[in-house]
Amino acid sequence: MEILNLLAGGFAIVFEPLNLALVVFGCAIGLFVGAMPGLGSVNGVAILLPMTFLVPPESAIIFLAALYYGAMYGGAISSIMLGIPGASTAVATTFDGRPLALQGKADVALIAAAVASFVGGTISVVLFTLFAPPLAEIALTFGSPEIFALMVLAFATFIGLGGDDIPKTLFSIFIGLAMSAVGLDIISGQPRLIFFGLPGFYHGINFLVLAIGIYGIGEMLWTVEVSRGKMSISQATMSLRRIIDGVIGLKSSIKTMLMGSFLGYFVGILPAAGATPGSLMAYGVAKTISKDPGSFGKGNVDGVVAPEAANNAASTGAMLPMLTLGIPGSPTTAILLGGMVIWGLEPGPLLFVEHSDFVWGLIASLYAANLFALLINVAFIPAFIWVLRMPFTILAPIIFVLCIVGGYAPTQDMHDVWLMLIFGIVGYLMRKLDYPLAPAVLAIVLGPLAEPALRQSLLISNGSFAIFFERPFAGVIMVIALGLLVLPVLQKMVRYARRPA
Amino acid sequence: MRRAEFVMAVVMALFSLYLMWKSAELPVGWIPEEGPGGGAFPFWLGAGMLVCTLWILLRWFRRTSEVSRSIEAYFDSRALTLFLIVGGALTVMIGSIHLVGVYGAVPLFLAFYMRFLGRHGWPTTGAVALSTPIVAFFFFEIALNITLPKGLTEPLFYPLYDIFL
């Protein structure tokens, strides 16, 4: 079994003292970030990415992946204890987690969430290990037209499945791609889009400037506005006895857990979908297949198990296209992908060949992160509940400061800090008007990869767009992408046809 | 909301036009043997953005999108005050980094935010405002070797450089 050998090699990397420490540290930070309302994995990864320049790239991505994982566990804590989702990925967990907490069964809900997260995480990592190498092998045969077609597919999922206002989603994609074009033209080397002749634009707009602007500053402004109300924290008593009872009580939820894990994983692979819709869908399916759907929303443990298994599984699913195809499956993986570019690793299938250590170290770290996140979560639930009492007026200014120094660090140019502030404020103003911003972040990361792919393809075909449809793989991908683009129109027509006359 | 939706779409439409005009500084057409010119990619993206903003305006006009029907205020007075204070404080902090550096601007910002927005006592405020720059110094300057801007306070750091670098 070649895969097992490679995986064993990966574990050897993870068990190096530095990496193991980073896994534990990443899980802990992730749990914290996930638990704090207003901060999710994407915010944590965006704001902390510049801090990882301290360690080698393999270790940096292990840390960030552990953080990503921990955040999926952590989101449940505030969903249950505060009734406010700690991250959008844990919205569905509030539906039944909060009623359980109000009935004095917060510990049952917390343990169910932790165990379901572990099961979801483990199943998805195993699926990931099995799927990734063959997918990477296929992807190795891809040329520019296929790569560009994949990117079109990634963006099309936002339009077909994102559920947001379509012109605003498209606008977000276009503006993100346009921002990625600032700087020197990669092919001719000429300066391009140097707004107002400012020299800071010559080095282009680093994706982190947009990501920290939107997910750091913009998100904080948003949270400052919405968190004006008072929060009340439920009490949870924990003891080993109750933990064991809680785990035994989950026997009846195994089916739901498995369903949530598989559903979450496959939904997570799609760029626009990811963990939030994955967990909502899992909740919906759990309710449909339940023998007692009426109890959902009133404190059914299955209602906690399904979304929590799904959001962890989805976060692993999102890594599959990121590592094998170079197309991120979620905003968080988009930032990880951008990080890989900064570290000098070209994302895509070649990683499996050229940086096999890196890839397998990362995969093995997911197994380790999953285990540690479970242990830290269960052991320190009281500590996280205590942390949740931390006033937002202390956390917010510290995060603002982190954003600013973090935005300065990659290029060491104050120009970028100003730009980040502008992106943060404009992003916040646009978000209030229902402009989705995740597509823009994905676009600025993919832009530098999409443009050369497009230009080279057109050069091969002498300017004919037919090249994207004539090659077998590219053609299939493009047809699926076009299908997704017309999906909303079809839905509208169906609804129109069914309308009572 | 309705007015804000309109203003945002118009502003973004103008930005799209500016982007197209700016892209056209480079060739946007087909260059034989080279493929599309350097300006083509952003030019057509700008055109796409323009079409989207027009589409948004059409939906605004026909009141089909949700925000264009909303009668809720874009900002209520409390939210606006908060936004202006926080946004203003951030702007002042970034501006003052040029003058007094990160180690001058950051404690002032933290102190302002915690004392006047958070109404925390001076001990908490002081502890956070003073410890954050110290942690930042050791993390960025010593561990990462990234020099943060110091402005006028640069000379104060010479003895520290002598000790740690």
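Residues numbered from 1 in each chain as written. Chains lettered and ligands numbered in written order. Predicted model: local features only at pLDDT ≥ 70, side-chain atom pairs only at ≥ 80, totals over all residues. Heavy atoms only, no water.

Side note on the overall build of chain A
Assigned secondary structure in chain A consists of 23 helices and two strands. Over its C-alpha trace chain A gives a radius of gyration of 22 Å, about what one expects of a compact globule, namely 23 Å for 501 residues. The principal-axis extent of the C-alpha atoms belonging to chain A is close to 70 × 60 × 55 Å. Expressed as a percentage of the 501 residues in chain A, the buried residues total 61%. For chain A, the accessible surface area stands at approximately 18200 Å², while carbon and sulfur atoms represent 69% of it. Charged side chains in chain A number 22 positive and 24 negative. The centres of these two groups are separated by 17 Å. (Helix = DSSP H or I, 4+ residues; strand = E, 2+ residues; numbered from the N terminus. Rg over C-alpha atoms; globule rule 2.2 N^0.38 Å. Buried < 20%, exposed > 50% of the residue type's maximum accessible area, 1.4 Å probe, protein only. Areas by Shrake-Rupley, 256 points an atom, 1.4 Å probe, with all protein chains shown as cover. Lys, Arg positive; Asp, Glu negative; His and termini not counted. Charge placed at Lys NZ, Arg CZ, Asp CG, Glu CD.)

A closer look at the interface of chain B and chain A
Note on interface size: it is often stated as the accessible area lost on association of the parts. Contacts between the two partners involve 69 residues from chain B and, on the opposite side, 62 residues from chain A. Summed over both partners, the interface of chain B with chain A comes to about 5800 Å²; 81% of that surface belongs to carbon and sulfur atoms. Across the chain B-chain A interface, the total number found is two salt bridges. Taken together, the links from chain B to chain A amount to seven residue pairs in polar contact (both at pLDDT 80 or more). Listed by contribution, the elements that provide at least two residues to the side of chain B that touches chain A are α1 (2–23), β2 (35–36), α2 (40–61), α3 (66–69), α4 (77–100), α5 (102–117) and α6 (122–143) of chain B. Considered class by class, the residues forming the side of chain B that touches chain A number 45 nonpolar, 16 polar and eight charged. (Contact = heavy atoms within 4.5 Å. Buried area = accessible area lost by both parts, 1.4 Å probe. Salt bridge = Lys/Arg side-chain N within 4 Å of Asp/Glu carboxyl O. Polar contact = N/O pair within 3.5 Å; in protein donor to acceptor, adjacent residues only side chain to side chain. Nonpolar A, V, L, I, M, F, W, Y, C, P; charged D, E, K, R; others polar.)

A closer look at helix α13 (residues 302–317) of chain A
Taking 1.5 Å per residue, 16 residues should reach 22 Å; α13 of chain A reaches 22 Å between its end C-alpha atoms and fits that length. Of all the 16 residues making up α13 of chain A, 16 are buried; the element is thus mostly covered by neighbouring parts of the structure. (Expected span 1.5 Å × (residues − 1).)

So, the side chain of serine 330 of chain A
All names here are of chain A. Tracing the chain through its elements places serine 330 in the loop between α14 (319–325) and α15 (331–342). Given a relative accessible area of 6%, serine 330 falls into the buried group. Contacts of serine 330, omitting those with residues within four sequence positions, involve Tyr68, Pro271 and Ala318.

Some thoughts on the packing of helix α4 (residues 57–81) of chain A against α13 of chain A
Residues and elements named next belong to chain A. At a closest axis distance of 10 Å, the pairing of α4 and α13 adopts a crossing angle of 165 degrees. By the angle class used here, α4 and α13 are roughly antiparallel. Of the two possible hands of crossing, α4 and α13 adopt the one that is right-handed. Residue-level contacts link Tyr68, Tyr69, Met72, Tyr73 and Ala76 of α4 to Glu308, Asn311, Asn312, Ser315 and Thr316 of α13. Of the residues in the contact of α4 with α13, the class split is five nonpolar, four polar and one charged. (Axes fitted to C-alpha atoms, helices over the stretch in contact; angles between N-to-C directions. Parallel < 35°, antiparallel > 145°, perpendicular 65-115°, else oblique. Left-handed = near helix turned anticlockwise from the far one by under 90°.)

Considerations on the packing of aromatic side chains
Summed over all chains, the structure comprises 34 aromatic pairs over all chains. Measuring from ring centre to ring centre gives 4.6 Å for phenylalanine 6 of chain B and tryptophan 60 of chain B, while their planes differ by 35 degrees; the resulting arrangement is tilted. Here phenylalanine 6 of chain B is found in helix α1, whereas its partner tryptophan 60 of chain B is found in helix α2, with 54 residues between them in sequence. Given the relative accessible area of 34%, phenylalanine 6 of chain B is considered partly exposed. On the basis of relative accessible area, tryptophan 60 of chain B is assigned to the buried category, the value being 17%. A connected cluster of aromatic rings, assembled from ring pairs, spans Phe195, Phe196 and Phe201 of chain A together with Phe15, Tyr18 and Trp21 of chain B. Cation over ring: lysine 432 of chain A sits above tyrosine 74 of chain B, and NZ or CZ is 5.6 Å from the ring centre. Across from the ring centre of phenylalanine 75 of chain B, 4.2 Å away, lies the NZ or CZ of lysine 432 of chain A, which sits over that ring. (Phe/Tyr/Trp six-rings, centres within 6.5 Å; stacked < 30°, edge-to-face > 60°. Lys NZ or Arg CZ within 6 Å of the ring centre and 35° of its normal.)

Some remarks on the confidence of the model for chain A
Overall, the predicted model of chain A reaches an average pLDDT of 86, with 96% of residues at or above 70. The spread of mean pLDDT over the elements of chain A runs between helix α18 (residues 381–387) of chain A, the lowest at 77, and helix α20 (residues 414–431) of chain A, the highest at 94. (pLDDT = per-residue confidence, 0-100.)

Describing the nonpolar core
Counting 211 residues, the largest nonpolar core has Ile205, Leu323, Ile335, Met340 and Phe400 of chain A together with Leu90 and Phe140 of chain B as the members making the most contacts within it. Of all the elements, α4 of chain A adds the most residues to this core, at 16 residues. Domain assignment of the residues forming this core places at least three in each of domain 1 (2–69) and domain 2 (77–164) of chain B. When neighbours within four sequence positions are excluded, leucine 90 of chain B is seen to be in contact with Ile217, Phe400, Ile404 and Leu421 of chain A together with Phe109 of chain B. If you look at the next biggest cluster of nonpolar residues, it comprises eight residues, including Ala282, Ala286, Ala306 and Ala310 of chain A. (Core = buried A, V, L, I, M, F, W, Y, C linked by side-chain atoms within 4.5 Å. Domains from an automatic or database assignment.)

A look at the environment of alanine 87 of chain A
All names here are of chain A. Position of alanine 87 among the secondary structure elements: in the loop between α4 and α5 (91–102). Note on alanine 87: relative accessible area 12%, which makes it buried. The spacing of alanine 87 and alanine 71 is 16 residues in sequence and 8.1 Å in space, taken between C-alpha atoms. Look past the residues within four positions of alanine 87 in its chain and what remains in contact with it is Gly34, Leu39, Gly40 and Gly75.

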